[in-house]
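# Topology and contacts: notes
Here's the letter readout for the chains.
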Amino acid sequence: MSTENLPQSPGQRPRKPRVAVVYGGRSSEHGISVVTAGAVLRAIDRTKYDVLPIGITRDGRWALTADEPERMAIADRRTPSVEELAESQEGGVVLPVDPKNREVVYSEPGSVPKALGEVDVVFPVLHGPYGEDGTVQGLLELSGVPYVGSGVLASAVGQDKEYMKRVFTSFGLEVGPYVVIRPREWERDESAARKKIVDFAGEHGWPLFVKPARAGSSIGITKVDDLSGLDEAIAEARRHDPKILVEAAVSGREIECGVLEFEDGPRASVPAEIPPPDAHAYYDFEAKYIDSTPGIVPAPLTDEQTAEVQRLAVRAFEAASCEGLVRADFFLTGDAKFVINEINTMPGFTPISMYPQMWQASGIGYAELVDRLIQAALNRSTGLR
């Protein structure tokens with residue numbers, strides 16, 4: 001879709017495409033999503049696009065919010081929330097479910113619903129379940145509204161670490177040892193489920209990383225050094241997701257690579273290296289977002305290693321049928337092999353996040369990156385493709 005030929009009434013000047021930035025959400029990554037939205041709102045070219053900020057509260061209400069990016073930053077080691085930005089504590093935004101109608105409606109109890117105008121594209125900067133996992137993507141497909149990023153299947157695969165790893169393995173990408181404990185296993189026999197993890201530790205050794213299977217931003221992850229810390233780690237992971245993933249530690253350097261879809265297909269950025277954070281046991285939530293542990297961009301790799309990790313990042317993008325953007329995370333082991341850890345279909349997207357930093361080092365600044373993603377979404381249809 002051309003940005004200069006949007007539907008209009010006779011005699012009217014061509015209108016700008018309308019971008020709905022949808023953020024917040026019901027997952028434990030709510031606050032980071034708000035921070036990401038603030039950065040995206042600052043970067044969108046207002047001479048080129050109209051913008052409609054829509055926040056999803058922690059209880060799932062779609063709220064009309066203030067377009068005030070300065071209020072959407074981490075302050076005093078605390079992340080912001082949609083509830084703080086909502087123009088009303090009761091009003092709700094409703095997307096159309098008719099693909100022929102893209103008009104968004106806002107309603108409050110006791111008031112006549114108000115039309116907010118048509119939306120041409122949605123930029124969903126949601127992280128975690130109920131947003132990054134294909135659920136919102138499915139809603140937008142039903143509504144016939146184009147959106148930034150991967151579709152339903154790729155978003156779901158990118159969120160569920162078990163099936164992500166299964167897809168990667170089937171495409172010849174090497175993953176580290178892991179074991180999955182599903183909710184029914186806990187319900188059937190908790191002691192047998194726990195023994196499954198203990199046996200895995202006996203085979204692969206300590207430490208282990210106990211994770212929610214469908215979460216991100218390193219939330220709910222515990223590095224477990226011995227048996228004494230296992231139960232607490234399991235409880236913490238299950239607090240975020242009833243399905244957990246337990247991974248053996250992979251000894252190696254942490255290398256990340258961004259993938260961006262261009263007109264001729266996906267391309268990889270220069271890679272980055274995440275050095276071990278001094279004040280943290282691993283690259284956890286606090287190291288990423290609160291203390292902003294800096295990555296090394298570009299990563300100090302040989303030309304051959306750089307080319308290889310870029311190839312594998314694009315391979316992972318295509319294996320999961322991704323669209324738009326992906327950050328692929330690897331370990332470079334002592335025997336010079338790249339082991340893929342995971343992909344993020346909507347990676348951290350603040351200017352200090354690794355994905356934008358890698359593209360900045362590759363020659364594409366933050367504002368241009370945002371514009372490219374919006375343009376790609378405008379030119380991509382919904383439905384089977």
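Residues numbered from 1 in each chain as written. Predicted model: local features only at pLDDT ≥ 70, side-chain atom pairs only at ≥ 80, totals over all residues. Heavy atoms only, no water.

Below, the discussion takes up the overall build of the protein. Each helix and strand in the protein was counted, giving 12 helices and 16 strands. Relative to the compact-globule value of 21 Å for 385 residues, the protein shows a C-alpha radius of gyration of 21 Å, a close match. C-alpha atoms of the protein, sized along the principal axes, occupy 75 × 50 × 45 Å. Per-residue burial for the protein yields a buried fraction of 56% across its 385 residues. Considering only intrachain contacts with a sequence separation of at least 6, the fraction spanning at least 24 residues in the protein is 65%. As displayed, the protein offers around 16900 Å² of accessible surface, 50% of which is attributable to carbon and sulfur atoms. Within the protein, one finds 41 positive and 57 negative side-chain charges whose respective centroids are separated by 3 Å. (Helix = DSSP H or I, 4+ residues; strand = E, 2+ residues; numbered from the N terminus. Rg over C-alpha atoms; globule rule 2.2 N^0.38 Å. Buried < 20%, exposed > 50% of the residue type's maximum accessible area, 1.4 Å probe, protein only. Contact = heavy atoms within 4.5 Å. Areas by Shrake-Rupley, 256 points an atom, 1.4 Å probe, with all protein chains shown as cover. Lys, Arg positive; Asp, Glu negative; His and termini not counted. Charge placed at Lys NZ, Arg CZ, Asp CG, Glu CD.)

With that out of the way, let us pick up the packing of aromatic side chains. On inspection of all chains with the given rule, the structure shows five aromatic pairs. The interplanar angle of 80° and the centroid separation of 6.1 Å between the aromatic rings of Phe330 and Phe338 together place this pair among those described as edge-to-face. Here the two residues Phe330 and Phe338 agree in accessibility, since each one is buried. By the ring-pair criterion, three or more aromatic residues cluster together here, those being Phe123, Phe349, Tyr355 and Tyr366. Its end group placed over the ring of Tyr178, Lys165 keeps NZ or CZ at 5.6 Å from the ring centre. (Phe/Tyr/Trp six-rings, centres within 6.5 Å; stacked < 30°, edge-to-face > 60°. Lys NZ or Arg CZ within 6 Å of the ring centre and 35° of its normal.)

Across the interface, helix α1 (residues 30-43) lies against helix α12 (residues 366-378) with an axial gap of 9 Å and an inter-helix angle of 90°. The angle between the axes of α1 and α12 places the two elements in the roughly perpendicular class. Contacts from Thr36, Ala39, Val40 and Ala43 of α1 reach α12 at Tyr366, Ala367 and Val370. Split into classes, the residues belonging to the contact of α1 with α12 amount to six nonpolar, one polar and no charged. (Axes fitted to C-alpha atoms, helices over the stretch in contact; angles between N-to-C directions. Parallel < 35°, antiparallel > 145°, perpendicular 65-115°, else oblique. Nonpolar A, V, L, I, M, F, W, Y, C, P; charged D, E, K, R; others polar.)

A word on the environment of Phe262. Of note, Phe262 is situated in strand β12 (residues 252-262). When the C-alpha atoms of Phe262 and Arg372 are compared, they prove to be 8.4 Å apart, with 110 residues separating the residues in sequence.

A word on helix α3 (residues 135-143). Residues spaced three or four apart along an α-helix face the same direction, because each turn holds 3.6 residues. Val136, Gln137, Gly138, Leu140, Glu141 and Ser143 are the residues of α3 that are buried. Its buried side turned inward, α3 meets β7 (121-124) and α4 (152-159).

Considering every residue of the protein, the mean pLDDT works out to 90; 92% of them sit at 70 or more. Between residues 1-10, whose pLDDT stays under 50, and residues either more than four places distant or in other chains, the model counts 17 contacts. (pLDDT = per-residue confidence, 0-100.)

Taking strand neighbours across the sheet as the criterion, the four strands line up as β3-β2-β1-β7 in an open arrangement whose pairing is mixed. Here the strands that pair on one side only, and so sit at the sheet edges, are β3 (62-64) and β7. On average, each strand axis in the sheet is tilted by 30° relative to the strand beside it, whichever way the strands run. Relative to strand β2 (residues 50-56), strand β1 (residues 18-24) is paired through seven bridges, and the arrangement is parallel. (Pairing = 2+ DSSP bridges.)

Inspection of the secondary structure assignment puts Asp133 in the loop between β7 and α3. Buried charge without a partner: Asp133 forms no salt bridge, and the closest opposite charge is Arg214, 7.6 Å away. Not counting residues within four places of it along the chain, the set of residues in contact with Asp133 comprises Gly128, Val152, Ser155, Ala156 and Gln159. (Salt bridge = Lys/Arg side-chain N within 4 Å of Asp/Glu carboxyl O.)

Quick look at the nonpolar core now. If you look at the biggest cluster of nonpolar residues, it comprises 36 residues, and the most contacted ones within it are Val21, Val40, Ile44, Phe123, Phe349, Val370 and Ile374. Per element, the largest residue contribution to this core is seven residues, and it comes from α12. Sequence-distant contacts of Val21, defined by excluding residues within four places in its chain, comprise Ala37, Val40, Leu41, Ile44, Val51, Leu52, Pro53, Ile54, Phe123 and Val125. Among the nonpolar cores identified, the runner-up in size contains 29 residues, and Val157, Phe168, Leu301 and Val314 belong to it. (Core = buried A, V, L, I, M, F, W, Y, C linked by side-chain atoms within 4.5 Å.)

Another point: the pairing of strand β11 (residues 244-248). Here β11 lies mainly inside the structure; five of its five residues are buried. Going residue by residue along β11, you find Ile244, Val246 and Ala248 tucked away on one face and Leu245 and Glu247 tucked away on the opposite face as well. With four bridges connecting them, strand β8 (residues 178-181) and β11 associate as antiparallel partners. Residue pairing for β11: Val179 is matched across the bridge by Val246.

Our next topic: unusual backbone geometry. Cis geometry marks the peptide bond from Trp206 to Pro207; its omega dihedral reads 0°. Mapping Pro207 onto the fold places it in the loop between α7 (190-204) and β9 (208-212). With an omega of -5°, the peptide bond running from Val297 to Pro298 counts as cis. Counting through the fold element by element, Pro298 comes out in the loop between α9 (285-290) and α10 (303-319). Even without a glycine there, the phi angle at Tyr130 is positive, about 65°.

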